[in-house]
Amino acid sequence: MAIYPKFVADTIEKIGRATTVTQIIDASPRLRLISFASPALQNFRWEPCQVTAFRVAKGEFRHYTPSRLDPDNGTGEIQFLFHSTTGDAPGEHLVRNLRLGDEITWCGLEAPRSFRWAPHPRILVLGDATTLGLWRSFLEHPSVIDGRTQVFGAVEVPDGDQHGAKTITPGLEVITARDVPGAALDTWLEQYLTDHGGQLSLDTTHAYLAGHGRSLQRLRSALQCGGMGRRHIHTHAYWTDKTPIMAR
Ligand SMILES: Cc1cc2nc3c(=O)[nH]c(=O)nc-3n(C[C@H](O)[C@H](O)[C@H](O)COP(=O)(O)OP(=O)(O)OC[C@H]3O[C@@H](n4cnc5c(N)ncnc54)[C@H](O)[C@@H]3O)c2cc1C
């Protein structure tokens with residue numbers, strides 16, 4: 001994880017979008033939805049896969065993914081996972097302590113070139129509980145609502161959060177995470193490939209994989225073995241076993 005000099009972090013934060021917390025909803029013990037409002041969230045083009053970051057320390061940021069963004073009204077939502085047992089990881093600590101009316105700056109709002117939304121006819125999504133907001137933004141995209149794009153797949157979440165996750169991503173299969181991150185997704189995909197493998201070689205299906213880094217590598221390999229072309233598999237690692245993936 002890169003740590004920025006303070007003056008660089010100051011500049012990143014200064015050119016960010018200052019927002020106010022307007023609503024906090026806990027869907028289940030580890031899943032918190034926070035809504036934000038700001039004139040700075042108005043008048044720009046927003047698409048799924050764009051991510052922002054919050055400054056969590058002098059030179060450190062953590063990334064989060066808006067699940068909804070309404071540039072007409074200047075409002076946005078982010079779905080957070082409380083992943084730690086102690087609650088003192090810097091990102092989680094910041095999010096847990098946000099209160100109604102608090103101000104917080106969204107630093108950046110972009111999608112990496114390698115992981116951008118496109119309205120493919122069929123999209124297979126696989127991820128862990130940090131990706132629930134991302135998949136919600138897929139499921140609520142106009143091309144999915146009007147039936148041009150079909151989104152399907154599975155998300156693995158901690159035991160106790162299955163019901164909350166189901167309310168966030170209805171239409172996806174919610175499966176229970178095991179001790180090893182990604183193990184439940186491996187099993188789901190193995191079964192899916194057994195049942196539907198032949199369909200993956202069709203040009204119409206793309207896969208979006210996000211969440212735990214090493215799990216994505218396994219899922220990607222399984223999809224390729226199942227006949228999916230490399231260019232149809234889009235991955236974005238959200239965290240690793242030791243550190244967050246992206247610097248800010
Ligand atoms: C582009 C991008 C978008 C993201 N979007 C979201 C989002 O919308 N919602 C969301 O909740 N998270 C999201 N994340 C993940 C989030 O940024 C990481 O989980 C981050 O590490 C949290 O920071 P922290 O300070 O709480 O923990 P850190 O200090 O970064 O990590 C502390 C310890 O916790 C472990 N850890 C980190 N995340 C997890 C996890 N999910 N499960 C288990 N152990 C973990 C680390 O390996 C480390 O050992 C996103 C990450 C990226 C890169």
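1. With respect to the overall build of the protein chain
Point 1. A count of helices and strands for the protein chain gives seven helices and 12 strands.
Point 2. For the protein chain, the C-alpha radius of gyration of 18 Å lies close to 18 Å, the compact-globule estimate for 248 residues.
Point 3. Projecting the C-alpha coordinates of the protein chain onto the three principal axes gives extents of approximately 50 × 40 × 35 Å.

2. A word on the site of the ligand
Point 1. His63, Thr65, His83, Ala89 and Gly91 are the nearest of the 27 residues found near the ligand.
Point 2. For the shell around the ligand, the elements supplying multiple residues, two or more each, are strand 3 (51-57), strand 4 (60-64), strand 6 (75-81), helix 2 (90-96) and strand 12 (233-239).
Point 3. No other element matches strand 6, which puts four residues into the shell around the ligand.
Point 4. Split by residue class, the shell around the ligand holds 13 nonpolar, 10 polar and four charged.
Point 5. Taken domain by domain, the makeup of the shell around the ligand includes at least three residues from each of domain 1 (6-110) and domain 2 (122-239).

3. Regarding the nonpolar core
Point 1. In terms of nonpolar packing, the biggest core is built from 48 residues, with Val125, Leu126, Trp135, Val155 and Ala165 touching the most fellow members.
Point 2. In terms of residue count, the dominant contributor to this core is helix 3 (residues 132-139) (five residues).
Point 3. Looking at which domains feed residues into this core, each of domain 1 (6-110) and domain 2 (122-239) gives three or more.
Point 4. Residues contacting Val155, with those up to four places away along its chain left out, are Gly127, Asp128, Ala129, Thr131, Leu132, Trp135, Ala165, Thr169, Leu172 and Val174.

4. Quick word on the sheet that holds strand 4
Point 1. What the seven strands build is an open sheet, ordered 4-3-7-1-2-6-5; its pairing is antiparallel. Among the strands making up the open sheet, the edge pair consists of strand 4 and strand 5 (66-70). Averaged over all pairs of adjacent strands, the angle between strand axes in this sheet comes to 35 degrees, irrespective of strand direction.
Point 2. Its contacts with the sheet place helix 3 against strand 5 and strand 6, and it is angled at close to 45 degrees to strand 5.

5. What about the domain arrangement of the protein chain?
Point 1. Domains assigned within the protein chain are domain 1 (6-110) and domain 2 (122-239).
Point 2. For domain 1 and domain 2, the distance between their C-alpha centres works out to 24 Å.
Point 3. Grouping the amino acids of the side of domain 1 that touches domain 2 by side-chain chemistry returns seven nonpolar, four polar and two charged.

6. Let's talk about the sheet that holds strand 9 (residues 150-157)
Point 1. Reading across the sheet, the five strands line up as 10-9-8-11-12 and stay open at both edges, with parallel pairing between neighbours. Of all strands in the sheet, those with a lone pairing partner are strand 10 (173-176) and strand 12, marking the two edges. Averaged over all neighbouring strand pairs, the angle between strand axes comes to 10 degrees, with direction disregarded.
Point 2. Pairing geometry for strand 11 (residues 205-212) and strand 12, over six bridges, is parallel. By the bridge assignment, Gly211 is partnered in strand 12 with Ala237.
Point 3. Of the strands in this sheet, strand 8 (122-128), strand 9 and strand 11 touch helix 3, which is tilted by about 160 degrees from strand 8.
Point 4. Sheet contacts for helix 7 (residues 213-225): strand 8, strand 11 and strand 12; angle to strand 11, the most-contacted strand, approximately 155 degrees.

7. Observations regarding the pairing of strand 3
Point 1. Extensive coverage of strand 3 is indicated by the burial of five of its seven residues.
Point 2. Here strand 3 pairs with strand 7 (residues 103-110) via two bridges, running antiparallel. The residue bridging Ala53 from the neighbouring strand is Cys107, located in strand 7.
Point 3. Sheet topology note: the strand 3/strand 4 ladder contains five bridges and is antiparallel. Note on strand 4: the bridge partner recorded for Arg55 is Phe61.
Point 4. Counting the residues that bridge the hairpin from strand 3 to strand 4 gives two residues.

8. Overview of helix 3
Point 1. In terms of burial, helix 3 is a largely internal element, eight of the eight residues being buried.
Point 2. Turning to helix 3, its buried residues are Leu132, Gly133, Leu134, Trp135, Arg136, Ser137, Phe138 and Leu139.

9. Remarks on the environment of Leu219
Point 1. If you trace the backbone, Leu219 turns up in helix 7.
Point 2. Linking Leu219 and Ile233, residues 14 residues apart in sequence, is a C-alpha distance of 9.8 Å.
Point 3. Residues in contact with Leu219, not counting those within four places in the same chain, are Leu126, Leu185, Leu189 and Leu209.

Conventions and cut-offs
Residues numbered from 1 in each chain as written. Predicted model: local features only at pLDDT ≥ 70, side-chain atom pairs only at ≥ 80, totals over all residues. Helix = DSSP H or I, 4+ residues; strand = E, 2+ residues; numbered from the N terminus. Rg over C-alpha atoms; globule rule 2.2 N^0.38 Å. Near = placed C-beta within 6 Å. Nonpolar A, V, L, I, M, F, W, Y, C, P; charged D, E, K, R; others polar. Domains from an automatic or database assignment. Core = buried A, V, L, I, M, F, W, Y, C linked by C-beta atoms within 7 Å. Buried ≥ 20, exposed ≤ 12 C-beta atoms within 10 Å, placed from the backbone. Contact = placed C-beta atoms within 7 Å. Pairing = 2+ DSSP bridges. Axes fitted to C-alpha atoms, helices over the stretch in contact; angles between N-to-C directions.

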